[in-house]
Amino acid sequence: FARMVPQEKVFEEATKRNPGAGMDVPDELVCAAPLCGRMYREPVLLTCCGNSICSECAPSVLVNDDGLDDNAGSRCLLCGETGVKVDSLFPNKQLRRLIATYMDETARRAASPVNTPGPVAVMTSSPAAEASP
C-alpha cells in the first residue's frame, strides 16, 4: 500500500520560487495556462493567440499531437492552432514590468507600519480659561 507523506521542504521551496504565493493576486497577473493559475513567472507571449503564459508553462500549453513531426511545431491548448513553435515565444516585457511594480508596491505596503498614529494634539486648559465663568 502507499502512504502519502507531506514534503514540507519541497513545499517551502516551491512557494519561495512562486512570487505571489499566498497573496490575493489581481486576475490580470494570473497565468492563463490551465494547470498553473498562479502569478506569472517570466511571462512569454504566445504568437498564435496573443495570450501570455509563464515560460515554464509553455510545455504544458504547447503540446505535440500524435503523428506530428517535432519540426512541424505544436498545438496550442488555449486557441487550438497547430504549427506553433516554442522558439516563436518572446518575453512579454510590459507584463513583466507590471508584475515588478505590483511586487514592489506589495512589499512596500507590507514593510510600512499599519495604523501608525500621527501627531496627537493634546488640549490643555490654561489657568485663565479655568478661572473665567
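Owing to the predicted nature of the structure, the values given are computational and were not obtained by experimental measurement. For every chain, the first residue of its written sequence is number 1, and the numbers climb from 1 along that sequence. Only residues with pLDDT of at least 70 are given local features in this predicted model, and only at 80 or more are side-chain atom pairs given and counted; all residues enter the totals for whole chains, interfaces and linings. Calculated side-chain values reflect all of the structure's heavy atoms, with hydrogen atoms and water omitted.

Another point: helix 3 (residues 93-111). Put simply, DSSP marks the helices as runs of H or I at least four residues long and the strands as runs of E at least two long, and each gets a number from the N terminus on. The length a helix should cover is 1.5 Å for every residue beyond the first. With 19 residues, helix 3 should cover 27 Å at 1.5 Å per step; its first-to-last C-alpha distance of 27 Å lies within 8% of that length. What helix 3 keeps buried is the set Leu95, Ile99, Tyr102 and Thr106. When helix 3 is viewed along its axis, its buried side chains cluster within an angular range of 60° and face the same direction. More than 90 degrees from the buried face of helix 3, the exposed residues found are Lys93, Gln94, Arg97, Asp104, Arg108 and Ala111. In this analysis, two residues are considered to be in contact whenever any of their non-hydrogen atoms come within 4.5 Å of each other. Buried residues belonging to helix 3 abut strand 1 (43-45) and strand 2 (52-54). Relative accessible area decides the class of each residue, using a 1.4 Å probe on protein chains only: under 20% of the type maximum gives buried, over 50% gives exposed, and in between gives partly exposed. By arc we mean the arc of the directions from the helix axis to the C-beta atoms, nothing more.

In this section: the confidence of the model for the chain. Regions with low pLDDT carry predicted coordinates that are not meant to be interpreted in detail. pLDDT expresses, on a scale from 0 to 100, how confident the predictor is about each individual residue. When pLDDT is averaged along the chain, the result is 76; 63% of the residues meet or exceed 70. Predicted confidence in the chain is weakest over helix 4 (residues 127-131), with a mean pLDDT of 50, and strongest over strand 1, with 96. Low pLDDT, under 50, characterises residues 118-126; the predicted model gives this stretch one contact beyond four residues in sequence or across chains.

Salt bridges are counted wherever a side-chain nitrogen of Lys or Arg sits within 4 Å of a carboxyl oxygen of Asp or Glu. This model, assessed by the stated rule, comprises two salt bridges. Glu56 serves as the salt-bridge partner of Arg41, at 2.9 Å between the closest nitrogen and oxygen. Of this pair, Arg41 sits in the loop between helix 1 (8-17) and strand 1 while Glu56 sits in the loop between strand 2 and helix 2 (58-61), placing them 15 residues apart in sequence. Looking at Arg41, the relative accessible area reads 10%, which means it is buried. Judged by relative accessible area, Glu56 falls into the exposed class, the value being 53%. As a salt-bridge pair, Glu105 and Arg109 come within 3.9 Å of each other at their nearest N and O atoms. In this pair, Glu105 and Arg109 are both assigned in helix 3, four residues apart and thus about one turn of the helix distant.

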